[in-house]
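Structure at a glance
Residue-level listing of the chains:
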Amino acid sequence: MDKKYEDAEKQLDKLAQMEKRLEMMYKRIDQLDTMVSTLIERVMRKPIMTIEVTCPKCGTDVHVSLTGNSKLSTKG
């Protein structure tokens, strides 16, 4: 009967280790997701293309910037 108890205890230890590993993996994936999301937000806020045109009549420089499609947050 001691052998069965030891085997069951080993199985419980293995399950506890697997649970810890899964939790660590979940945290790493969550951190990676956060980093990728932050990077994408930064890229989307930067101008993709800038066009500079000088008005032939008045000589004023006109700057047109195309940016990514992102919503600006109003949180302060």
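Cut-off values and rules
Residues numbered from 1 in each chain as written. Predicted model: local features only at pLDDT ≥ 70, side-chain atom pairs only at ≥ 80, totals over all residues. Heavy atoms only, no water. Helix = DSSP H or I, 4+ residues; strand = E, 2+ residues; numbered from the N terminus. Patch = residues over 30% accessible without salt bridge, like charges linked within 9 Å, V, L, I, M, F, W, Y side chains within 5 Å. Areas by Shrake-Rupley, 256 points an atom, 1.4 Å probe, with all protein chains shown as cover. Salt bridge = Lys/Arg side-chain N within 4 Å of Asp/Glu carboxyl O. pLDDT = per-residue confidence, 0-100. Buried < 20%, exposed > 50% of the residue type's maximum accessible area, 1.4 Å probe, protein only. Lys, Arg positive; Asp, Glu negative; His and termini not counted. Charge placed at Lys NZ, Arg CZ, Asp CG, Glu CD. Contact = heavy atoms within 4.5 Å. Disulfide = S-S within 2.5 Å.

Looking now at the overall build of the protein. A count of helical and extended segments in the protein gives 1 helix and 2 strands. Ordering the α and β elements of the protein from the N terminus gives α-β-β.

Right, let's get into a nonpolar patch on the surface. On the surface, a nonpolar cluster with roughly 590 Å² of combined accessible area is contributed by I48, M49, I51, V53, V62, V64 and L66. Looking at the nonpolar patch, the elements with two or more residues in it are β1 (47–54) and β2 (61–67). With 4 residues, the top contributor of residues to the nonpolar patch is β1. Position of I51 among the secondary structure elements: in strand β1.

This part is about the confidence of the model for the protein. For the protein, the mean per-residue pLDDT works out to 83, and 84% of the residues sit at or above 70. Per-element averaging of pLDDT across the protein places β2 at the bottom with 77 and helix α1 (residues 2–45) at the top with 90.

What follows concerns the pattern of salt bridges. One pass over the full model with this rule turns up 1 salt bridge. The shortest N-O distance in the salt bridge between D7 and K3 comes to 3.9 Å. Highlighted residues: D7 and K3, both in helix α1, separated by 4 residues, approximately one helical turn. Overall, D7 belongs to the partly exposed group, its relative accessible area being 35%.

Attention now moves to a negative patch on the surface. A contiguous patch of negative charge on the surface is contributed by D2, E6, E9 and D13. With respect to the secondary-structure elements, D13 resides in helix α1.

Okay, the environment of I51 next. By relative accessible area, I51 is classed as partly exposed at 38%. Separated by 12 residues in sequence, I51 and H63 have C-alpha atoms that sit 5.8 Å apart. Residue contacts for I51: discarding those within four places in its chain leaves V62, H63 and V64.

Our focus in this paragraph is the state of the cysteines. Formally, a disulfide is one covalent bond, and it connects the sulfur atom of one cysteine to the sulfur atom of another. In total, this model carries 0 disulfides according to the counting rule given. Distance from the sulfur of C55, which forms no disulfide, to the nearest cysteine sulfur (C58) is 3.6 Å. For C58, a relative accessible area of 54% corresponds to the exposed category.

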